[in-house]
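Observations on the three-dimensional arrangement
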Amino acid sequence: MAGFGRIGRLLLIGLPFLWLGLFFLAPLLIVLKISLADSVIGLPPYTPLIYDDGNGLRWHVTLTNFALLAEDSLYLRAYLGSLGNAALATAFCLVAGYPIAYAIARARGFWRRSLLFLVVLPFWTSFLIRVYAWIAILKPNGLLNNFLMGLGLIEAPLPLLNNQFSVVLGMVYSYLPFMILPLYGSLSALDQTTLEAAADLGARPLRVFVDVILPLTFPGIAAGSLLVFVPAVGEFVIPDLLGGPDTLMIGKVLWDEFFSNRDWPVASAVAVVLVAALAIPIVAAQRFLQRERPA
Amino acid sequence: MSQDRGEALFRIAALVLGLGFLYAPIVLLILYSFNASRLVTVWGGFSARWYGELISNASFRAAAATSLEVAVMAASLSLVLGTCAGFGLSRLGRFPGRGLFGFALLAPLVVPEIILGLSLLLLFVASETWFGWPGRGILTITVAHATFGICFVSVLVRAQLAGFDRSVEEAALDLGARPWTVMTRITLPGISPALVSGWLLAFTLSLDDLVIASFVSGPSATTLPMAVFSSVRLGVSPEVNALATVFLGLVLVLVALAGWLMAREERRRRAISP
């Protein structure tokens, strides 16, 4: 725009750029730096990268934290547990979200707007409280077990809480809107005449779905899957509240390493490996965000 | 014909089951906030006693005040900086570092929040050892929340600017309006839906955040999610149900207000352009 002028342009880009550089990019470099330090007792509880021992500047870098991650099977199990649970949650979100998105895309006018609003609304309410609501439902003497026993369907309470089932359920519940919205975007952009042409040429509904609709909505499937998978891998609240001793997830391990063990270098190393593992999905997800025009 | 009916039934079933799944826990939570019994799973008759206990809970009250203070400041900071960033990316064409800028504006939306929290805390600790500033508390939580708020606002502003009719701005400039006047009288009002929803989004996300706030806050500042989390970790508590219901009501009012504002703006714009 002609009117911004030199100083205006500098401020427009410079201010947010400076902010993000200082509070997003620089902190990531600090995490990398501390992951290469030794843990010490004191404040800050890690060794400096560069120090002066009286004979000039020395530097100290160690890979012991990463070696620990490789040696102790706890970390590997936690990484795999996170990836596995996130993948399961993504798959269930896709299966549950696709019919919902399809039904919304087929609705018209007022109905379509209202349904979209209803899908987005939970996102505006507290995430923590929505996860917490499931505890009362899934507890051994909780609402669902009481209900099923009242019907006489089961005799003893089912173990619904503090296991993999509750963690994946919590993730599907929390992230389902992230799957529905991109799917809806793709499905509502479908050209109806293509589908009619396929049907007129004799394709049966299942064939139309598999050969025409599914490939055409692939961008929505990919975007939705990434938007569910990436945050689910790093999730902390859900495994902490709904998980149990056998649902090891890396977000919780990082939290405990930091807050309970106070081992900042190991926590940093856990974070570095997590970012590295998620680098490809993160870059892909942010490309989708860039392309997708939010509603 | 029967195939069409089957398809319609399928769509209705998907919506009923899907929305039922999304709303059942919320509805149950609201219902049980009016439960007289302390046991969350036994219905002991209608009562508003947990709302009374909620109001007299001093630690929740203090935490709510902290959260509101942080959320208002973080959302306002996000609005200003995010709008700048949105304009910078969609109006200024190419400039050095544009790729990195675009990356830094979107990456915080997809990087796990536990990593954002850890990295920001390590920055604040480093800054404290070097400069003795800032102590951890309301200021550091605000800065952390503004950092992801900026990203959300800039995404919304960019989307709205992409659909903005530039010819009105050009006409105003041709008619001799100064660039600043065009900005404040035409462009900013034109993208006001994005500004309103951007501020609200940054505000709600700040109010909702547990993980990042837990990392960057110190003993002097406890936000509402932090207070709720520590009480929930001890077991299900009916007070939290009441709090959740109040929160939901508040969110509904805010969202309805935003929707009304945007609809009014839309009508006004339709009235201006034939």
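Bear in mind that the values here come from a model prediction, so they are computed numbers and not experimental data. (Residues numbered from 1 in each chain as written. Chains lettered and ligands numbered in written order. Predicted model: local features only at pLDDT ≥ 70, side-chain atom pairs only at ≥ 80, totals over all residues.)

1. Topic: the overall build of chain B
For chain B, the helix and strand inventory stands at 12 helices and zero strands. For chain B, the α and β elements follow one another from N to C terminus as α-α-α-α-α-α-α-α-α-α-α-α. For 274 residues, the compact-globule formula gives about 19 Å, and the C-alpha radius of gyration of chain B, at 23 Å, lies well above that figure. A burial count over chain B gives 42% of its 274 residues as buried. Nonlocal contacts in chain B, meaning residues at least 24 apart in sequence, comprise 79% of its contacts between residues at least 6 apart. (Helix = DSSP H or I, 4+ residues; strand = E, 2+ residues; numbered from the N terminus. Rg over C-alpha atoms; globule rule 2.2 N^0.38 Å. Buried ≥ 20, exposed ≤ 12 C-beta atoms within 10 Å, placed from the backbone. Contact = placed C-beta atoms within 7 Å.)

2. Here we look at the overall build of chain A
A count of helices and strands for chain A gives 13 helices and two strands. Taken over C-alpha atoms, the radius of gyration comes to 24 Å for chain A, far larger than the 19 Å a tight globule of 295 residues would show.

3. Let's talk about the nonpolar core
If you look at the biggest cluster of nonpolar residues, it comprises 160 residues, and the most contacted ones within it are A101, Y175, L254 and V270 of chain A together with L118, L120 and A202 of chain B. Of all the elements, helix α7 (residues 164-188) of chain A adds the most residues to this core, at 15 residues. Residue-level mapping places this core at the junction of two domains, with at least three residues from each of domain 1 (1-35) and domain 2 (71-291) of chain A. With residues up to four places along the chain from it excluded, the contact list for L118 of chain B reads V31, L254, F258, A267 and A271 of chain A together with F215 of chain B. (Core = buried A, V, L, I, M, F, W, Y, C linked by C-beta atoms within 7 Å. Domains from an automatic or database assignment.)

4. Digging into the environment of L118 of chain A
As for its position among the elements, L118 of chain A is in helix α4 (residues 109-124). Looking at L118 of chain A, the number of C-beta atoms within 10 Å reads 16, which means it is partly exposed.

5. Structural notes on the domain arrangement of chain A
Residue and element names in this part refer to chain A. Along its sequence, chain A is carved into domain 1 (1-35) and domain 2 (71-291). Using C-alpha coordinates to define each centre, domain 1 is positioned 32 Å away from domain 2. Facing four residues of domain 1, the contacting portion of domain 2 comprises six residues. Its residues placed into classes, the side of domain 1 that touches domain 2 shows three nonpolar, one polar and no charged. (Nonpolar A, V, L, I, M, F, W, Y, C, P; charged D, E, K, R; others polar.)

6. Details of the confidence of the model for chain B
All names here are of chain B. Per-chain confidence: chain B averages 86 in pLDDT, with 96% of residues scoring 70 or above. Predicted confidence in chain B is weakest over helix α12 (residues 238-272), with a mean pLDDT of 79, and strongest over helix α10 (residues 211-216), with 94. Here the predicted complex scores 0.86 on pTM and 0.85 on ipTM. (pLDDT = per-residue confidence, 0-100.)

7. As for the interface of chain B and chain A
On the side of chain A, 72 residues touch chain B, which itself brings 69 residues to the contact. No other element matches the 12 residues that helix α1 (residues 2-32) of chain B contributes to the side of chain B that touches chain A. The class makeup of the residues in the side of chain B that touches chain A is 56 nonpolar, nine polar and four charged.

8. A closer look at the packing of helix α3 (residues 73-106) of chain A against α7 of chain A
All names here are of chain A. Following both chains from N to C, one finds α3 and α7 inclined at 40°, their axes separated by 6 Å at the closest point. The angle between α3 and α7 falls in the class oblique. The crossing of α3 and α7 is right-handed. (Axes fitted to C-alpha atoms, helices over the stretch in contact; angles between N-to-C directions. Parallel < 35°, antiparallel > 145°, perpendicular 65-115°, else oblique. Left-handed = near helix turned anticlockwise from the far one by under 90°.)

9. Observations regarding the environment of I115 of chain B
Inspection of the secondary structure puts I115 of chain B in helix α5 (residues 113-131). Its 26 C-beta neighbours within 10 Å are what place I115 of chain B among the buried residues. In this structure the C-alpha to C-alpha distance between I115 of chain B and V211 of chain B, which are 96 residues apart in sequence, comes to 9.4 Å. Beyond its immediate stretch of four places on either side in the chain, I115 of chain B contacts G234, A271, L274 and V275 of chain A.

10. A word on α4 of chain A
Since the α-helix advances by 3.6 residues per turn, residues separated by three or four positions end up pointing in the same direction. Residue and element names in this part refer to chain A. Compared with the 22 Å implied by 1.5 Å per residue over 16 residues, the 23 Å span of α4 between its first and last C-alpha is a close match. Residue L118 marks the point of greatest curvature in α4, where the axis turns by about 25°; the proline P122 follows within four residues. Within α4, burial applies to L115, L116, V119 and P122. (Expected span 1.5 Å × (residues − 1). Bend = angle between axes of the 7 residues up to and from the residue.)

11. Details of unusual backbone geometry
All names here are of chain A. Even without being a glycine, N162 presents a positive backbone phi close to 60°. Mapping N162 onto the fold places it in the loop between α6 (143-150) and α7. Judged by C-beta crowding, with 19 C-beta atoms within 10 Å, N162 ranks as partly exposed. The phi dihedral of R262 is positive, around 55°, even though this residue is not glycine. On the basis of neighbour counts, which here come to 12 C-beta atoms within 10 Å, the residue R262 falls in the exposed class.

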